[in-house]
Amino acid sequence: MINPGGIFRQDADADARLAAIVDSSYDAIIGKDLNSVITDWNHAAERMFGYSAEEAIGQSILVLIPEHMHNEETEIIGRIRRGEGVGSLETTRKRKDGSLIAVSITVSPIKNSAGEIVGASQIARDITPAKESERRIRLLMREVNHRVKNQFAVILSMVRETSKRSTDPSEFEEMIRARIMALSRSHDLLVTSEWAGASLFDLVQEHLKPFGHEDRISLSGPLLTLQSNAVQNLGMAFHELGTNSSKYGALASEGGRIEITWKVETGPEAQRRFHLLWHEISGTVAPARKAPERKGVGERKGFGTVVLQRVAPQSLSGSSSLERSPDGLKWTLDAPLEAIVVPQLGAEDGSDFKG
């Protein structure tokens, strides 16, 4: 024998469970009639849009839709009347305070006990984090595209300039490989920081590491975080200076040493300027390591000289000098601080590093 009371209790329990599920959902669940008037509003909708249930129910759903997108609701209601649903529509909605939010919505018809369509159920999910992630990826891809093209241009310039100054294919290959690897070291530092810049101290260390003799190299200056352009161009300069020193300079001699110092000063019109000095103090040069007549940084037309006297200073809106003497070599760079450091980072605290 069927117990009608038991059926009613089961139906009531099912309705209660369904209401609890809707109310506890992290997605906004909104009911509306065929005139787009809000009939149901869960807690997630209140959190997402800022309206309480009392404020929202009885209002047109258009309060949530930017004015220029009102036609979207007309199309949605038209599809609902035809018994069609709307699945995963990415769009924009408006909060109570007027701010916009990116959402993904699905809309399904609601039918009464007679099977007639009487309204629609709409589920809205906040996809702002996903949209922000997509935006950042697009920006990153454009930045990567720009940097790759820039790297290609630098490499082509390296190949062209190096080929002008080399007649030995094996020597040409060795020099190009070393210079490309130097670019790669600078690139690795930037990737590690997610292109936020790189420490000048880390940059010098990274480029001089392959040449050894760390105990004969001293660094001194304020802690600075370099812009990506400065990382690339100073990295090239340090590679050329280190290569020359290991073959023909301080690192190729007994007792030779390198002192690298930098500072920030206030110049004319209160412009802050960056000064760097690479100073090699030669020791006793072994005859087998003496520089050939037409090689090295000291040679007037060498690629290293082009980097130090033209490429690096011009790319940093600065100037440089290269002096060679029997006692060693000096390279100085002077540039506006704004062309060197990441904005609002660097020497504000005046702290120095010495090592």
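Bear in mind that the values here come from a model prediction, so they are computed numbers and not experimental data. Numbering of residues starts from 1 in each chain and follows the order in which that chain's sequence is written. Selection of residues for local features in this predicted model requires a pLDDT of at least 70, selection of side-chain atom pairs for listing and counting requires 80 or more, and totals for whole chains, interfaces and linings are taken over all residues. The basis for every side-chain value is the complete set of non-hydrogen atoms in the structure, without hydrogens or water.

## With respect to the pattern of salt bridges
Alright, step 1. Think of a salt bridge as a Lys or Arg side-chain nitrogen and an Asp or Glu carboxyl oxygen that are within 4 Å of each other. Applying the stated rule across the entire model yields 14 salt bridges.
Alright, step 2. With a closest N to O distance of 2.8 Å, lysine 131 and glutamate 90 form a salt bridge. Linking lysine 131 in helix α5 (residues 128-164) with glutamate 90 in strand β3 (residues 86-94), this pair joins segments that are 41 residues apart in sequence.
Alright, step 3. On the basis of relative accessible area, lysine 131 is assigned to the partly exposed category, the value being 31%. A helix here means a DSSP run of H or I that spans at least four residues, while a strand means a run of E at least two residues long, and both kinds are numbered starting from the N terminus. Only protein chains enter the area calculation, which uses a 1.4 Å probe; residues under 20% of their type maximum are buried, those over 50% are exposed, and those in between are partly exposed.

## Some details on a nonpolar patch on the surface
Alright, step 1. Here, patches come from residues exposed beyond 30% relative accessible area and free of salt bridges, joined within 9 Å for like charges and within 5 Å for nonpolar side chains (Val, Leu, Ile, Met, Phe, Trp, Tyr). Areas reported here follow the Shrake-Rupley algorithm with a probe of radius 1.4 Å; residue values treat only the protein chains shown as occluding. A contiguous nonpolar surface patch, about 330 Å² in accessible area, is contributed by Leu140, Val144, Val148 and Phe152.
Alright, step 2. Looking at where valine 144 falls in the secondary structure, it is placed in helix α5.
Alright, step 3. For valine 144, a relative accessible area of 32% gives the class partly exposed.

## Comments concerning the side chain of glutamate 73
Alright, step 1. Relative to the helices and strands, glutamate 73 resides in helix α4 (residues 70-81).
Alright, step 2. Relative accessible area serves as the criterion here: at 2%, glutamate 73 is assigned to the buried category.
Alright, step 3. Throughout, a residue-residue contact means that at least one pair of heavy atoms, one from each residue, lies within 4.5 Å. What glutamate 73 contacts, discounting residues up to four positions off in sequence, is Lys32, Ser36, Ile61, Leu62 and Ile65.

## Observations concerning the nonpolar core
Within soluble globular proteins, side chains that are nonpolar generally end up buried alongside one another.
Alright, step 1. Leu200, Leu234, Ile260, Phe274, Trp278 and Trp331 are the most contacted members of the largest nonpolar core, which has 44 residues in total.
Alright, step 2. If one sorts the elements of this core by residue count, helix α8 (residues 228-248) sits on top with seven residues.
Alright, step 3. In this structure leucine 234 touches Leu200, Leu203, Leu226, Leu316, Trp331 and Leu333, once residues within four positions along its chain are discounted.
Alright, step 4. Of all hydrophobic cores here, the second largest spans 24 residues; its members include Ile30, Leu34, Ile105 and Ala120. By nonpolar core is meant a set of buried Ala, Val, Leu, Ile, Met, Phe, Trp, Tyr and Cys residues that side-chain atoms within 4.5 Å join together.

## A short note on the pairing of strand β2 (residues 38-41)
Alright, step 1. Here three bridges tie strand β1 (residues 28-33) to β2, and the two strands are oriented antiparallel to one another. Bridge pairing in β2 places isoleucine 30 opposite tryptophan 41.
Alright, step 2. The pairing criterion is simple: DSSP has to find at least two bridges between the two strands. Between the antiparallel neighbours β1 and β2 lie four residues, among them serine 36 with a positive phi of about 70°.

Take it as geometry only, folks, not as evidence of what the structure does.
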